[in-house]
Amino acid sequence: MGRSFLFMLVIFVLAIFAISGLMSRALSAAGESQQGGSLEIGRDVYHVRCAPCHGHEGKGDGPYAMTLNPRPRDFTLGMYEYRSTESGSLPTDEDLKRAITKGLPGTAMPAWGKFLQGDTLEAVVAHLKTFSSRFGSEQPLPVPVGREVPSSPASIEAGRVVYEKLQCASCHGTDGRGTGATATDFQNASGLPIQMRDLTEPWTFRGGSSARDVYLRFRTGLDGTPMPSYVGAVSDREMWQLAVYIVSLGRKPAWEMNEQELIAFYRSQERLVSNDPAKWGKYLVEGMGCADCHTPLDGKGGNIESLRLAGGTRFTAGPYGEFVTPNLTSDTATGLGGWSDEEIRNALTKGVRRDGTRMLPFPMPWTALARLKTEEQNAIIAYLRTVPPIHNEIPRPKPLSFFPYLWGKFKMLVLKEDFPAEIFPGNAGTLKGGQQ
Amino acid sequence: MRRALKWIGIAVLSLVVVGFFLFLYYIPPFTSMPPEEFVKPELDAAPTLDGISDPRERLLAERGKYLALTHDCSGCHTAGDNGPDYDKYLAGGMKHVVRGYGTSVSRNLTPDTETGLGNHTDEEILAVLRSGVMRDGRLMHSRVMPWTAWSNWTEEDRRAIVAYLRHLKPVRQQIPDFTSLGAPQDSAAVEAIWGADYSVKK
């Protein structure tokens, strides 16, 4: 009986005030385009399709940017990873078009080819180039692509030797998957964390997975990352051999495996969960979007990055009163630092707070988290312990007083009004200054 | 006599009213329900995948089922008048209102060919999970459908979800498209993210 009422929470009202800020810009841009001109068309398309992640000023800071791993490119640096040009040089228009139309595998960047073609595509490229002054003063320097080395046991072996010679294993590991890597924490030119590529998963190669694509990465380097150009260090032929070797490392993706391979694959994944729980926990936390609610909203449709996972987003949930998302950082006084594993697990999987009070089965999806395997719950807990502490004290939930509560229930159960849940921007916790 | 009857009537009526409000106050007693009772119904409602004859397809779909159950797809994609209607498991229909923006209704994820994902290709579904791009080119709002989180999954996990969705029970349920709130500035703003398709514009 009670269950039916609870599940009346099915009506979810999200209030994002400040998305309107984002909108009004797109609008003014749309208005101006009446005068024509390809730059205006490019800007219109950019504001609609690109700005949600890359930001209106191209800084890679759009409202959706914080949640994404890897982050969207910052165009203002004029620095691009996947090019066919010399290290440090600008990309060609064709390079930019390739990224736009084919997308970047393994990232949120979609293949826009179906929707952006011809003049529109040219216009978007032209608009992208306005973000960096480098495009006004420099010319891209395309690299000469040497003679391709065909794949053969001999060339693969030669490539393996180059892999050792260039010490690729210090970052990519002896097996291409990072095993035994000595360097593990990397940043890009914007200071954002990046991951080294798992060389056994060619379907995640941003710039493509053919030998020629891989060769280009060695020839041009990935500007803005620790991956340099190897021109000069080894011969062109050796770079081709290395490319052939890397291509040979590729394993089958799960969706192409047979039964035995799949069983082994999922088993190895389980081992990964127990061997490095914090790493797996990061995957789970990022893949569940915990930070979407547990980071205050900035009022422009995005989250306040400096307060990631520090809680402080205020919700109202109809007659049930008001809640503020808890601080999930490892801060001892205000975060999860002082909680025991069992206390965190109870909140995650039973919706029971540390003081014993119960959470609604919404918006915190503890009913779903309860179905996680124990090892994965442990992994989430292990990762949350590694989140840098932020001192942000969260107010206790505020139930409504008697009469508003009755009135709310009456509206919901008798008048069958939509369940009024709302979410508000800004930090409702004690930490000031994070609010923008 | 009539006077007494009147007073009895008033007393009964006020008892009914007070009783009704007390009833409202104590129901739903969600705190008296053990947490497990919130968890179990969906586990029972989710399709069993034992019938899939191709073992590798079954393994992929099992992984997808685990992901779908633990990432609460059903929290938004199973609606109902009085609690989730598990006969329409993952068939959509839940209303989400974003203030100043418009109303979207969660989509039908079942393999029904007319109203669900039946005639969507794997690539089209993957583009939504990875990039929030619908097959007509519109971008989804990540506060309504949290694709920015699903984007962080491995491609292998996303494909497992797609494999699972293919084995749901098809449910015919037409879902209305996103509607803006109607005020002039709002509908234009909505166009900026939900409706605009500049690919044909010259």
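Reading guide: rules and limits
Residues numbered from 1 in each chain as written. Chains lettered and ligands numbered in written order. Predicted model: local features only at pLDDT ≥ 70, side-chain atom pairs only at ≥ 80, totals over all residues. Axes fitted to C-alpha atoms, helices over the stretch in contact; angles between N-to-C directions. Helix = DSSP H or I, 4+ residues; strand = E, 2+ residues; numbered from the N terminus. Parallel < 35°, antiparallel > 145°, perpendicular 65-115°, else oblique. Contact = placed C-beta atoms within 7 Å. Nonpolar A, V, L, I, M, F, W, Y, C, P; charged D, E, K, R; others polar. Domains from an automatic or database assignment. Core = buried A, V, L, I, M, F, W, Y, C linked by C-beta atoms within 7 Å. Buried ≥ 20, exposed ≤ 12 C-beta atoms within 10 Å, placed from the backbone. Expected span 1.5 Å × (residues − 1). Pairing = 2+ DSSP bridges.

Draft legend 1. Focus on the packing of helix 3 (residues 55–70) of chain B against helix 7 (residues 155–165) of chain B. All names here are of chain B. Their axes nearest at 7 Å, the elements helix 3 and helix 7 cross at an angle of 100°. Here helix 7 runs roughly perpendicular to helix 3, going by the angle between their axes. Contacts between helix 3 and helix 7 involve Glu57, Leu60, Ala61, Arg63, Gly64, Lys65, Leu67 and Ala68 from the first element and Asp157, Ala160, Ile161, Ala163 and Tyr164 from the second. Of the residues contributing to the contact of helix 3 with helix 7, the split by class is eight nonpolar, one polar and four charged.

Draft legend 2. Region of interest: the domain arrangement of chain A. Residue and element names in this part refer to chain A. In terms of domain boundaries, chain A breaks down into domain 1 (36–137) and domain 2 (153–251). A straight line from the C-alpha centre of domain 1 to that of domain 2 covers 24 Å. In this assembly, 19 residues from domain 1 lie in contact with 17 residues from domain 2. Looking at the side of domain 1 that touches domain 2, its residues break down into seven nonpolar, seven polar and five charged.

Draft legend 3. Representation of the nonpolar core. In terms of nonpolar packing, the biggest core is built from 76 residues, with Leu284, Ile380 and Leu384 of chain A together with Ile161, Tyr164 and Leu165 of chain B touching the most fellow members. Leaving out residues up to four positions away in the same chain, Leu165 of chain B has contacts with Leu109, Leu117 and Ile125 of chain B. Counting residues in hydrophobic clusters, the runner-up holds 29 residues, among them Tyr46, Tyr64, Leu68 and Ile100 of chain A.

Draft legend 4. Summary view of helix 10 (residues 236–249) of chain A. All names here are of chain A. With 14 residues, helix 10 ought to run about 20 Å at 1.5 Å a step, and its terminal C-alpha atoms sit 20 Å apart, in line with that. All of the buried residues along helix 10 are Met239, Trp240, Gln241, Leu242, Ala243, Val244, Tyr245, Ile246 and Val247. Its buried side turned inward, helix 10 meets helix 7 (153–165) and helix 9 (211–220).

Draft legend 5. Layout of the sheet that holds strand 6 (residues 421–424) of chain A. Residues and elements named next belong to chain A. With antiparallel pairing, the three strands of this open sheet are ordered in space as 5-4-6. Among the strands making up the open sheet, the edge pair consists of strand 5 (322–324) and strand 6. Shown here is a sheet whose adjacent strand axes are inclined to one another by a mean of 20°, direction ignored. As paired strands, strand 4 (residues 314–317) and strand 5 are joined by three bridges and run antiparallel to one another. Bridge pairing in strand 5 links Arg314 to Val324.

Draft legend 6. Just helix 5 (residues 122–131) of chain B, in detail. All names here are of chain B. Every buried residue belonging to helix 5 is among Ala127, Val128, Leu129, Arg130 and Ser131, and all of these are buried. Those residues of helix 5 that are buried lie in contact with helix 6 (147–150) and helix 7. Phi turns positive one or two residues past the end of helix 5, at Gly132, with a value near 70°.

Draft legend 7. Structural detail: unusual backbone geometry. All names here are of chain A. Looking along the chain, the bond that leaves Asn69 and enters Pro70 is cis, with omega of 0°. Summarising the element assignment, Pro70 is placed in the loop between helix 3 (38–54) and helix 4 (93–102). Of note, the amide linkage connecting Phe362 to Pro363 takes the cis form, showing an omega dihedral of 0°. Looking at where Pro363 falls in the secondary structure, it is placed in the loop between helix 14 (341–350) and helix 15 (366–369).

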